[in-house]
Every structure is written in C-alpha cells, then in structure tokens.
Amino acid sequence: MARRGLVLARSGSSYRVATATGVLNAVLRGKAKQEDRDRVVVGDRVTLDRPDGVAGIVAIEPRRNVLERRSPNRRGARPVAANLDRVLVLASVASPKPNLGLIDRLLVIAEANDIPAGIVITKIDLISHADLSHRFRSAGYPVWPVSVRTGEGVDELAREIGSHVTLLTGPSGVGKSSLLNRIQPGLPQRTGEISAKIQRGKNTTVTAVMVPLERGGYLVDTPGFSDVGLWGIEPRELARCFPEFRPLVDRCRFPDCQHLAEPGCAVRLAVEVGRVEPSRYDGYRILLKELTSSPRKWE
Ligand SMILES: Nc1nc2c(ncn2[C@@H]2O[C@H](COP(=O)(O)OP(=O)(O)OP(=O)(O)O)[C@@H](O)[C@H]2O)c(=O)[nH]1
Ligand SMILES: [Mg+2]
Ligand SMILES: [Zn+2]
C-alpha cells in the first residue's frame, strides 16, 4: 500500500519526509523524477512507494498554494515552499538595520502568491520599535514585536502560530532561526553572528526546513538574503499587492492609472494627506519601475 508523507527538507537529491510511522529519507522516482528538479519543495504532500531500501516519491498532491520567487542566477520562478497558511516577514529594529525595500518586496511576493502575510519586528530589546511597527500596521498588516533575548512577545506569537503552517522569511541575520529555536527548543537550528563590519547577517541558514511544533503546527525556517527578484507579477497587479492601496485603486480617475503622475489619482492623494506612508509609496514606484523595465543583469 502506498504511503503518504509531508516533505520537511531537501538536501541535494534527497528529501526528508514525515510519515505516519516516522521521518525517513526519500528520493524522486518514476514520473516525479522526470519533471524539473524544483518540482518537490518543503510543505509538499507526496505519495511514497514501498520498495526495499530507499523510499521513492512517486507523486505530488495538488498544492493549495506555493511561495515562489525569482532566482538570482536563473531565469524563471523558484518555488520555496508549498501549502502555507501564512508568511511572516521578519524585520529587526537594528543589527541589521531594517531594509524596508527588501521587506516590502517580500510582502509583495506573499500577496502575489495569495498567501496571508504578517510582520514580526525582532530584537526589540535593542531600540524602540514604535516607528517600524506603525509603518506596517498602518499598511494593514498584523505586527508582532518580539525579542528572543528577553522573551518579550514570543508567547503571543507562538499562540498565534498555533496549529498553522507558517513560513519565516526576511533578510539574513534578523533572527529567524533564533525565533524558531525559542518557540520550539531542542532542535536546534544553527544561528549566526552579525558581521560587525558590514552589519549584516552571514547567511547561516542555507536551505528551507519545516519543523513540526508541539502545538500541532509547523514553522518553516528559510535562508535570509540581501536581494530578491519579483516573479510573475503583472505591473497592473502590483498596486493590489499593497493592502492599503487596495480600497483606493478603484477611485482613481483613469481605470488604467499606474498611480504615478496621472491626474485624479486616489493613491497619490492618500499619500499627500498622510493616509498612506510615503516610504511605502516610494517602494511601490521602485517595484513598478523594475517590473516595467528590462530584467536586471542577474535575472
Ligand atoms: N539583541 C538581540 N539579538 C538577537 C535576537 N534574536 C536573534 N539575535 C541575534 O541575531 C543574530 C542572527 O540570528 P539568526 O537567528 O542566525 O538570524 P537568521 O535570520 O536566521 O539569519 P540567516 O540564517 O543568515 O538568514 C544572532 O547572533 C542572534 O543571537 C534578539 O531578539 N535580540
Ligand atoms: Mg537562519
Ligand atoms: Zn492612481
């Protein structure tokens, strides 16, 4: 009889798969193997055959959703994880300094993939998080300020994660693995120092790993990065990936308004009267330009 499993991690051509009888290693086999090598990702539900020896993944169940981003060194989409309830984007108040452009980009990617997103402000033991929290709350995102060092906010966040499948993303060094270790002790995911010279993380986590939680949910730890491309977003869809723009876009004078210099633009008006954060609007313009101009060198 075929067994079903949940993919927890991948290392090269081998996958760690959780089954009703325990965790085992499996390789792609048969039809599953013929498709491209990013075919199976963390969070996939798969069917395993039962040969003697190493288990084989022979089928992948249809996905509820998949988080995809553009690969820095390859054309096309790179799937990261599938079947997620929420993406949490982590931003540290300091060390490293928040990279708002990158954080907005990660939020847009979650929106474009139709996965609910939230913000975790980390390292609140270092300096005040008021401004940073306000920026994302006023954009309509749920925000959880936490400190892994003092424990502040961690229980609230753990309760919120509950029995859901939640992916942690964000720049290198913001504390994704540290947070996971705090919520689910005894793993432990390796964590890294912040480079004193460049105030950046050192890309300690190198591959996505899904960790079962005692409460029944799962957390996916992912590698941080310093840049990420957008994938598969139509320029005219971009404004709808900014939740605070959504109620405004239908009120622009022109139905094809790009919210740049058009007269009667409801988004720009909202920026002028202070209802939309100027830095979020600036982020929108940068991303729109990127989506409408030729691909960057590394794409
Ligand atoms: N002050 C303070 N430092 C923290 C906190 N959380 C994590 N750190 C430190 O931040 C550094 C980086 O933490 P990691 O958990 O490795 O960061 P990461 O986001 O997993 O980084 P990558 O795996 O490279 O993407 C470590 O030195 C942690 O000790 C916190 O709440 N407060
Ligand atoms: Mg990490
Ligand atoms: Zn407009």
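Residues numbered from 1 in each chain as written. Chains lettered and ligands numbered in written order. Predicted model: local features only at pLDDT ≥ 70, side-chain atom pairs only at ≥ 80, totals over all residues.

Draft legend 1. Inspection of the overall build of the chain at higher detail. Along its length, the chain carries seven helices and 13 strands. For the C-alpha atoms alone, the extent of the chain along its principal axes is close to 70 × 45 × 35 Å. When each of the 299 residues of the chain is scored for burial, the buried share is 36%. Contacts in the chain between residues at least 24 apart in sequence constitute 62% of all its contacts with a sequence separation of at least 6. (Helix = DSSP H or I, 4+ residues; strand = E, 2+ residues; numbered from the N terminus. Buried ≥ 20, exposed ≤ 12 C-beta atoms within 10 Å, placed from the backbone. Contact = placed C-beta atoms within 7 Å.)

Draft legend 2. Examining unusual backbone geometry more closely. Ser 95 connects to Pro 96 through a cis peptide bond whose omega is 0 degrees. With a phi close to 60 degrees, Asn 83 is a non-glycine residue in the positive phi region. Mapped onto the fold, Asn 83 is located in the loop between strand E7 (77–82) and strand E8 (86–92). The class of Asn 83 is buried, set by 22 C-beta atoms lying within 10 Å. Phi angles above zero are rare outside glycine, and Ser 95 is one such case at about 55 degrees.

Draft legend 3. Representation of the environment of Ala 82 within the structure. Tracing the chain through its elements places Ala 82 in strand E7. Taking the C-alpha atoms as reference points, Ala 82 and Leu 100, 18 residues apart in sequence, are found 25 Å from one another.

Draft legend 4. How the structure looks around the domain arrangement of the chain. Once the domains are mapped, the chain shows domain 1 (3–60), domain 2 (66–221) and domain 3 (235–292). Centre-to-centre, using C-alpha coordinates, domain 1 lies 43 Å away from domain 3. (Domains from an automatic or database assignment.)

Draft legend 5. Molecular detail of the pairing of strand E6 (residues 66–70). The buried count for E6 comes to four of five residues, which makes it a mostly enclosed element. Examined bridge by bridge, E6 and E7 share five bridges and lie antiparallel to one another. When the bridges of E7 are listed, Val 66 appears paired with Ala 82. (Pairing = 2+ DSSP bridges.)

Draft legend 6. Quick look at the nonpolar core. Formed by 69 residues in total, the largest nonpolar core has its most connected members in Val 7, Ala 81, Val 89 and Val 220. When neighbours within four sequence positions are excluded, Val 89 is seen to be in contact with Ile 103, Leu 106, Leu 107, Ala 117, Ile 119, Thr 169 and Gly 170. (Core = buried A, V, L, I, M, F, W, Y, C linked by C-beta atoms within 7 Å.)

Draft legend 7. Up close: the environment of Arg 182. With respect to the element layout, Arg 182 can be found in helix H5 (residues 176–183). Residues Arg 182 and Ala 158 lie 24 residues apart in sequence; the distance between their C-alpha atoms is 9.5 Å.

Draft legend 8. Inspection of the pairing of strand E12 (residues 209–212) at higher detail. Bridging between E12 and strand E13 (residues 218–221) involves four bridges; their strand directions are antiparallel. The residue bridging Met 210 from the neighbouring strand is Val 220, located in E13. Counting the residues between successive antiparallel strands, the hairpin from E12 to E13 contains five residues, one of them, Gly 216, with a positive phi of roughly 110 degrees.

Draft legend 9. Up close: helix H3 (residues 130–138). For H3, the complete set of buried residues consists of Leu 132, Arg 135 and Phe 136. Relative to the axis of H3, the buried residues are bounded by an arc of 85 degrees and lie together on one face. Away from the buried face of H3 by more than 90 degrees, exposed residues Ala 130, Asp 131, His 134 and Arg 137 are located. The inward-facing, buried residues of H3 contact E8, strand E9 (117–122), strand E10 (143–145) and helix H7 (278–292). (Arc of directions from axis to C-beta.)

Draft legend 10. Layout of the packing of helix H2 (residues 100–112) against H7. The contact between H2 and H7 brings their axes to 10 Å, and the two run at 70 degrees. As far as their axial angle goes, H7 and H2 are roughly perpendicular. On H7, the residues touching Leu 100, Gly 101, Asp 104, Arg 105 and Val 108 of H2 are Ser 279, Arg 280, Gly 283, Ile 286 and Leu 287. The class makeup of the residues in the contact of H2 with H7 is four nonpolar, three polar and three charged. (Axes fitted to C-alpha atoms, helices over the stretch in contact; angles between N-to-C directions. Parallel < 35°, antiparallel > 145°, perpendicular 65-115°, else oblique. Nonpolar A, V, L, I, M, F, W, Y, C, P; charged D, E, K, R; others polar.)

Draft legend 11. Quick peek at the environment of Gly 264. Mapped onto the fold, Gly 264 is located in the loop between E13 and helix H6 (266–272). Sequence separation of Gly 264 and Lys 123 is 141 residues, and the distance between their C-alpha atoms is 41 Å.

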